[in-house]
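Below are the chains, spelled out letter by letter.
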Amino acid sequence: MERNQMLRQVAVMRQSFFDQGFLDEQFVQLEELQDDANPNFVEEVVTLYYRDSSRQILNIDQALERNPLDFNKLDTYMHQFKGSSTSIGAKKVKAECTQFREYCKAGNGEGCMRTFQQVKKEYAILKRKLEAYFQQVRVQSGPSETACRPRN
Amino acid sequence: MEVRSGVNVADTQQSQKQHFHVLAVDDSLTERKILERLLRESSCKVTCVDSGDKALEYLRLLDGQESDSTASSSSTQSSQQEELKVHLIMTDYSMPGMNGYDLLKRVKGSSWKDIPVVVMSSENVPSRIRKCLEEGAEEFLLKPLQLTDVNKLQPHLLKSLVHSNKDISSCTDNDNDNIIDITMINNNKVISKRRAVSPEPLETITKMKGLAVV
């Protein structure tokens, strides 16, 4: 009984990520690459993303402190960060990245700075949600003999 | 089942599982991990590098390294060097330093020129796509990559494996005509260009897919 409740909780949590626009189809692609031979693939990729992208975020923060702003460099850094975010299905983060690049192209420094605050905010929110999610997944798959792979 | 040069398709399919070696080039750690998983899902052996320079180094194309004697089909290696086989190169377009296009040019101007090269990008820029296809890229894939994109590469891998085994021979067998047709089609840049733009594979490629390893 308790286990079913946990499973349902995890499923509900997962579905909310899609319904509320935090994650998109690309996340499902990652889930489909998870199997018995690669049982923690999704969490591994997400962990790698957060490690990899923290450096990219620092680069952008530092570049935003320059005067004058180098929009080409900012755009290049953001392109890299957007690419990684897209590859894990981080939908809201990706949308803010797109907005940032628009401001870069327009040479709008203030727009860039404002949008980057949004990027970091969405990035942090998603990180918290995914951490909580994977924690639940681990708890749920721990004692059981067969871990359930969530299907959409 | 058809027989090609004494090797029946079942055997080829078996050995294909071990023999497809892909060199993947991408500066993003996250994307390299995903690409590697996608390719392993397609039964490929994968080597990942994070830059064009590292790719050239791996292919022994950097100045100071051996060049001519290291193509995959050659067996005239020095005794210390293991024969290096690469059946496909997949490279990101936007990379710091040498970009995917520059890498493509270097490869196509080297002893590895017959190895299919696929370029990937998250940006859909027609002039960029055209430039890469004209330079000899087999495909230009838009990121983020999915399993269906990687499945599209099976014919290229098959052709590359066949080519490296010097297995292309003239044949009147109907099925083998398909293989030769694909070789000729791939050499025709115009058709390749169309194929990259439209998502549907050519009919002959679809027929070939039935023989490819899943």
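Residues numbered from 1 in each chain as written. Chains lettered and ligands numbered in written order. Predicted model: local features only at pLDDT ≥ 70, side-chain atom pairs only at ≥ 80, totals over all residues. Heavy atoms only, no water.

For the rest of this paragraph, the subject is the overall build of chain B. A tally of regular secondary structure across chain B gives 10 helices and seven strands. Relative to its full complement of 214 residues, chain B shows a buried share of 50%. Considering only contacts within chain B whose residues lie at least 6 apart along the sequence, 64% involve residues at least 24 apart. (Helix = DSSP H or I, 4+ residues; strand = E, 2+ residues; numbered from the N terminus. Buried < 20%, exposed > 50% of the residue type's maximum accessible area, 1.4 Å probe, protein only. Contact = heavy atoms within 4.5 Å.)

Let's shift gears to the packing of helix 2 (residues 25–32) of chain A against helix 3 (residues 41–64) of chain A. All names here are of chain A. Where helix 2 contacts helix 3, the axes come no closer than 8 Å and their chain directions differ by 130°. Taken as axis vectors, helix 2 and helix 3 run oblique relative to one another. In this structure, helix 2 uses Phe27, Leu30 and Glu31 to contact helix 3, whose residues at the interface are Phe41, Val42, Val45 and Val46. Here the residues of the contact of helix 2 with helix 3 are counted per class, giving six nonpolar, no polar and one charged. (Axes fitted to C-alpha atoms, helices over the stretch in contact; angles between N-to-C directions. Parallel < 35°, antiparallel > 145°, perpendicular 65-115°, else oblique. Nonpolar A, V, L, I, M, F, W, Y, C, P; charged D, E, K, R; others polar.)

Residues and elements named next belong to chain B. Where burial is concerned, most of strand 3 (residues 21–25) is hidden: five out of the five residues are buried. Burial of strand 3 is two-sided: the residues His21, Leu23 and Val25 facing one way and the residues Val22 and Ala24 facing the other way are all buried. Pairing of strand 3 with strand 4 (residues 45–49), which is carried by five bridges, proceeds in the parallel orientation. Of the residues in strand 4, the one forming a bridge with leucine 23 is threonine 47. Where the polypeptide runs from strand 3 across helix 2 (residues 29–41) and back to strand 4, its parallel neighbour, the crossover connection is right-handed. Note: strand 3 against strand 5 (residues 88–92), four bridges, orientation parallel. (Pairing = 2+ DSSP bridges. Right-handed = clockwise from strand over helix to strand, strands pointing away.)

Our next topic: the interface of chain A and chain B. Taken together, the contacts link 22 residues of chain A with 19 residues of chain B. Carbon and sulfur atoms make up 58% of the area that chain A and chain B hide from each other, which totals about 1700 Å². Area buried by chain A at its contact with chain B is led by Leu33, Leu48 and His79 of chain A, which between them contribute 29% of it. Linking chain A to chain B there are three salt bridges. We note a salt bridge from arginine 101 of chain A to glutamate 123 of chain B, for which the minimum N-O separation is 3.0 Å. Elements with a minimum of two residues in the side of chain A that touches chain B: helix 2, helix 3 and helix 4 (71–87) of chain A. Broken down by element, the residue count for the side of chain A that touches chain B peaks at seven residues, all from helix 3 of chain A. (Buried area = accessible area lost by both parts, 1.4 Å probe. Salt bridge = Lys/Arg side-chain N within 4 Å of Asp/Glu carboxyl O.)

In this structure, Phe81, Phe100 and Leu130 of chain A together with Leu39 and Met90 of chain B are the most contacted members of the largest nonpolar core, which totals 58 residues. Setting aside anything within four residues of it in sequence, one finds leucine 130 of chain A in contact with Phe17, Leu23, Phe27, Val46 and Tyr50 of chain A. Core analysis: the next-biggest nonpolar cluster, separate from the first, contains 26 residues, Leu59, Ile89, Tyr93 and Cys132 of chain B among them. (Core = buried A, V, L, I, M, F, W, Y, C linked by side-chain atoms within 4.5 Å.)

Right, let's talk about helix 3 of chain A for a bit. Over its 24 residues, helix 3 of chain A runs 34 Å from end to end, which matches the ideal 34 Å to within 8%, given 1.5 Å per residue. Helix geometry: helix 3 of chain A is bent most strongly at serine 53 of chain A, by close to 25°. (Expected span 1.5 Å × (residues − 1). Bend = angle between axes of the 7 residues up to and from the residue.)

What links the strands of a sheet is backbone hydrogen bonding, and the strands pair in either a parallel or an antiparallel sense. Residue and element names in this part refer to chain B. Spatially, the five strands line up as an open sheet ordered 4-3-5-6-7, and their pairing is parallel. The open sheet has two edge strands with one neighbour each: strand 4 and strand 7 (139–142). Each adjacent strand pair in this sheet contributes to an overall mean axis angle of 20°, direction not counted. Lying over the sheet, helix 5 (residues 126–134) contacts strand 6 (117–121) and strand 7, oriented at roughly 150° with respect to strand 7.

A separate point is the confidence of the model for chain A. Summing up the model confidence of chain A, the mean pLDDT is 93 and the portion of residues at 70 or higher is 92%. Helix 5 (residues 91–105) of chain A holds the highest mean pLDDT among the elements of chain A, 98, whereas helix 1 (residues 2–19) of chain A holds the lowest, 92. (pLDDT = per-residue confidence, 0-100.)

This part takes up the packing of aromatic side chains. Using the criterion set out here, one finds nine aromatic pairs over all chains in the structure. Ring geometry for tyrosine 49 of chain A and tyrosine 50 of chain A: centres 4.9 Å apart, planes at 70°, overall edge-to-face. With a relative accessible area of 0%, tyrosine 49 of chain A lands in the buried category. For tyrosine 50 of chain A, a relative accessible area of 8% gives the class buried. Here a set of aromatic residues connected by ring pairs shows up, and it is made of Tyr49, Tyr50, Phe81 and Tyr123 of chain A. Directly above the ring of tyrosine 101 of chain B sits lysine 131 of chain B, whose terminal nitrogen or CZ lies 4.3 Å from the centroid. (Phe/Tyr/Trp six-rings, centres within 6.5 Å; stacked < 30°, edge-to-face > 60°. Lys NZ or Arg CZ within 6 Å of the ring centre and 35° of its normal.)

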